[in-house]
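Listed below, chain by chain, are the residues.
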Amino acid sequence: MMLRGERQRISRLKRRRGAVAVLALGFLLIAIAFLAFSTDIGYITVTKAELQNAADAAARAGARRLANGPSEARAGAVALAAANEAAGEFVTLNVAEDVEIGRWNRGTATFTLLTGADEAGGNAVRVTCRRSGARGNPLPLFFAPVLGTSHADVAATATARVDSSVCGPFIGIDKVTISGGSYTDSYNSDAGFYSAVAARHNGHVCSNGSITLSGPSYVDGNALPGPGHTVSTSGSSYVTGSRAPRTDPLSLAPVDFGDSATNNNNHNIPISDGGNAPLAGTSFNLSGGDHVTLDPGIYYFSKFTLSGGSGVTITGPTVIYCTGDFTASGGSVANLSQIPANLQIYCTGGKVDISGSSSLYGVVYAPSSKVVRSGGSSDIYGMFVGKELTLSGGGGAHGDEALGILKGARRRVVLAQ
């Protein structure tokens, strides 16, 4: 027979075992809850990472197309976002709310939102990708509904900026002057020859200093002066795009001559049709109506002078390097292809003067020279970069958007940090 004390001891042990079981069950439920909510948290984290990837890609795509205008930039961002998925659904953007165009200041690492016409002067695109209740696509959760929360809002934002030393086809590092009825616009030579009725609006002009327009001159595009400087217009001159000062100063690469001083096509330069030798050492000179045709290639000159109605014709891709003054004010350089990329002129002399009565299809890159174009009704097509840039005399300056990356001069898109 069990003693009374023994029965009490056994009863106490049973009660303890029951308490431990309840406590263990409680801990098990807590562990399961943590595991469940960890699953939801992990799901949110993965989805946010997917949205971030989509935002990064969309912002880059938008920034790459900024040169074609705000609408093109937004379209590029929307299209790239839609190529990405988050939580098993393709990412969609609300153009009015999720794609913003502004100015990124590298010095302060800040984004300033632009609106209206000022968007044309933007250098950055900010994109926000969302899964939210307000958009009708919140992220459904697995275990949080136990606590009354069935969905979560998740978003990710990215900003991509155009890291560019060149903000347009027409640049005067210290200043730009446009007068006498001269004007700028743009076209794309890949799509055909320039047509005034189909001209594009990216004839951007920029500087580290001031930009001055006078008379009936105009800029069909942005006129972006340097930090602390302004655009001055007088008479009936005007700018169709932004006049907002640049927040980042221009920093253009110097001319890279490579091995052109010793590896060039100077030896192929023929005698002129007037019977004269245009080359003396590395100095090129034509006058008195003389004319020569240069074979495609690379040429290196210490000085280049055309005068008295003389002329040079190029028939294919040609690069001309000049360490001294480049003067074609009394003659012409004819690019038979009418493709600006086929004539590239790089100079370090004090002045580049290509005034005259004939049109020029080409690139002039002379960041340490004063570049002057004045030629009555004749036009220029391509890209002109100088320490100072002067356009006068009534001709049009038509930037060629097909030039793309040239001497590292156009644009590189990076995520803003």
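Owing to the predicted nature of the structure, the values given are computational and were not obtained by experimental measurement.

**Details of the layout of surface pockets**
Next, step 1: Considered as a void within the structure, the second largest pocket measures approximately 150 Å³ in volume.
Next, step 2: Lining the second largest pocket are 13 residues; nearest its centre among them are Ala-120, His-201, Asn-202, His-204 and Asn-222.
Next, step 3: Taken together, the residues that form the lining of the second largest pocket break down as three nonpolar, nine polar and one charged.

**Quick word on the sheet that holds strand E25 (residues 331-335)**
The strands making up a sheet associate through hydrogen bonds between their backbones, and the pairing can be parallel or antiparallel.
Next, step 1: The parallel open sheet is built from three strands, whose spatial order is E19-E22-E25. Both outer strands of the open sheet, strand E19 (291-294) and E25, are each paired with one neighbouring strand and no more. When strand polarity is set aside, the average angle formed by the axes of neighbouring strands in this sheet is 15°.
Next, step 2: In the sheet, strand E22 (residues 310-314) pairs with E25 via five bridges, with the strands oriented parallel. Directly across from Val-312, in E25, lies its bridge partner Val-333.

**Considering unusual backbone geometry**
Next, step 1: Backbone geometry at Ala-87 places phi at a positive 55°, although glycine is not the residue there.
Next, step 2: Assignment of secondary structure puts Ala-87 in the loop between strand E1 (85-86) and strand E2 (89-90).
Next, step 3: Under the relative-accessibility criterion, Ala-87 is labelled partly exposed at 22%.
Next, step 4: Backbone geometry places Gln-338, a non-glycine residue, at a positive phi of 60°.
Next, step 5: Tracing the backbone shows Gln-338 in the loop between E25 and strand E26 (343-347).

**Overview of the nonpolar core**
Next, step 1: Residues Phe-284, Val-312, Phe-326 and Phe-384 are the most contacted members of the largest nonpolar core, which totals 40 residues.
Next, step 2: Membership of the second largest hydrophobic core comes to 25 residues, among which are Leu-51, Ala-73, Ala-81 and Ala-86.

**Some details on the pattern of salt bridges**
Next, step 1: Considering all chains together, one arrives at nine salt bridges under this definition.
Next, step 2: Arg-131 serves as the salt-bridge partner of Glu-89, at 3.9 Å between the closest nitrogen and oxygen. One end of the pair, Glu-89, is in strand E2; the other, Arg-131, is in strand E5 (residues 124-131), and 42 residues separate them in sequence.
Next, step 3: By relative accessible area, which is 38% here, Glu-89 ends up partly exposed.
Next, step 4: A salt bridge links Asp-174 to Lys-387, with the nearest nitrogen and oxygen atoms 3.1 Å apart. Remark: Lys-387 occurs in strand E29 (residues 380-392) and Asp-174 occurs in strand E9 (residues 170-178); sequence separation between them is 213 residues.
Next, step 5: Classification of Asp-174 by relative accessible area gives partly exposed; the value is 36%.
Next, step 6: Given a relative accessible area of 37%, Lys-387 falls into the partly exposed group.
Next, step 7: Shared partners join several salt bridges into a network, and the residues in it are Glu-97, Asp-98, Arg-130 and Arg-135.

**Topic: the pairing of E19**
Next, step 1: Residue alternation in E19 divides its side chains into a buried set, Val-292 and Leu-294, and an unburied set, His-291 and Thr-293.
Next, step 2: Summarising the sheet, E19 and E22 pair through four bridges and their orientation is parallel. Across the sheet, Leu-294 pairs through a bridge with Ile-314, a residue of E22.

**Re empty space enclosed by the protein**
Next, step 1: Scanning the entire structure with this criterion turns up three cavities of 30 Å³ or more.
Next, step 2: By volume, the second largest cavity is sized at about 80 Å³.
Next, step 3: Phe-326, Ala-328, Gly-331, Ser-332, Val-333, Ile-354, Ser-355, Gly-356, Ser-358, Ser-359, Leu-360 and Arg-373 together form the lining of the second largest cavity.
Next, step 4: Secondary-structure elements contributing two or more residues to the lining of the second largest cavity are E25 and strand E28 (360-374).
Next, step 5: For the lining of the second largest cavity, the leading source of residues is E25, giving three residues.
Next, step 6: Across the lining of the second largest cavity, the residue classes tally to five nonpolar, six polar and one charged.

**Things to note about the pairing of strand E23 (residues 318-322)**
A regular strand places its side chains so that they alternate between the two faces of the sheet.
Next, step 1: With five of five residues buried, E23 is to be regarded as a mostly interior element.
Next, step 2: Residues Thr-318, Ile-320 and Cys-322 point to one face of E23 and Val-319 and Tyr-321 to the other, with burial holding for every one of them.
Next, step 3: Direction of pairing for strand E20 (residues 297-301) relative to E23: parallel, over a ladder of five bridges. Across the sheet, Gly-297 pairs through a bridge with Thr-318, a residue of E23.
Next, step 4: In terms of strand pairing, E23 meets E26 through five bridges, oriented parallel. Paired with Tyr-321 across the strands is Tyr-346, a residue of E26.

**Here we look at the packing of aromatic side chains**
Next, step 1: For the structure shown, the criterion picks out 15 aromatic pairs.
Next, step 2: A ring pair is formed by Tyr-183 and Tyr-218, whose centres lie 5.0 Å apart and whose planes are at 15°; its orientation type is stacked. Placement of Tyr-183 in strand E10 (residues 183-187) and of Tyr-218 in strand E13 (residues 218-219) is noted, with a sequence separation of 35 residues between them.
Next, step 3: For Tyr-183, a relative accessible area of 18% corresponds to the buried category.
Next, step 4: For Tyr-218, a relative accessible area of 23% translates into the label partly exposed.
Next, step 5: Consider the rings of Tyr-299 and Phe-301, whose centres lie 6.3 Å apart with planes at 20°: the pair is stacked.
Next, step 6: For Phe-301, a relative accessible area of 0% translates into the label buried.

Basis of the calculations
- Residues numbered from 1 in each chain as written.
- Predicted model: local features only at pLDDT ≥ 70, side-chain atom pairs only at ≥ 80, totals over all residues.
- Heavy atoms only, no water.
- 1 Å grid on protein atoms, 1.4 Å probe; cavity = no way out; pocket = protein on both sides within 12 Å on 5 of 7 lines; lining within 4 Å.
- Points joined across faces, edges and corners; volume = space filled by probe spheres on them.
- Nonpolar A, V, L, I, M, F, W, Y, C, P; charged D, E, K, R; others polar.
- Pairing = 2+ DSSP bridges.
- Helix = DSSP H or I, 4+ residues; strand = E, 2+ residues; numbered from the N terminus.
- Axes fitted to C-alpha atoms, helices over the stretch in contact; angles between N-to-C directions.
- Buried < 20%, exposed > 50% of the residue type's maximum accessible area, 1.4 Å probe, protein only.
- Core = buried A, V, L, I, M, F, W, Y, C linked by side-chain atoms within 4.5 Å.
- Salt bridge = Lys/Arg side-chain N within 4 Å of Asp/Glu carboxyl O.
- Phe/Tyr/Trp six-rings, centres within 6.5 Å; stacked < 30°, edge-to-face > 60°.

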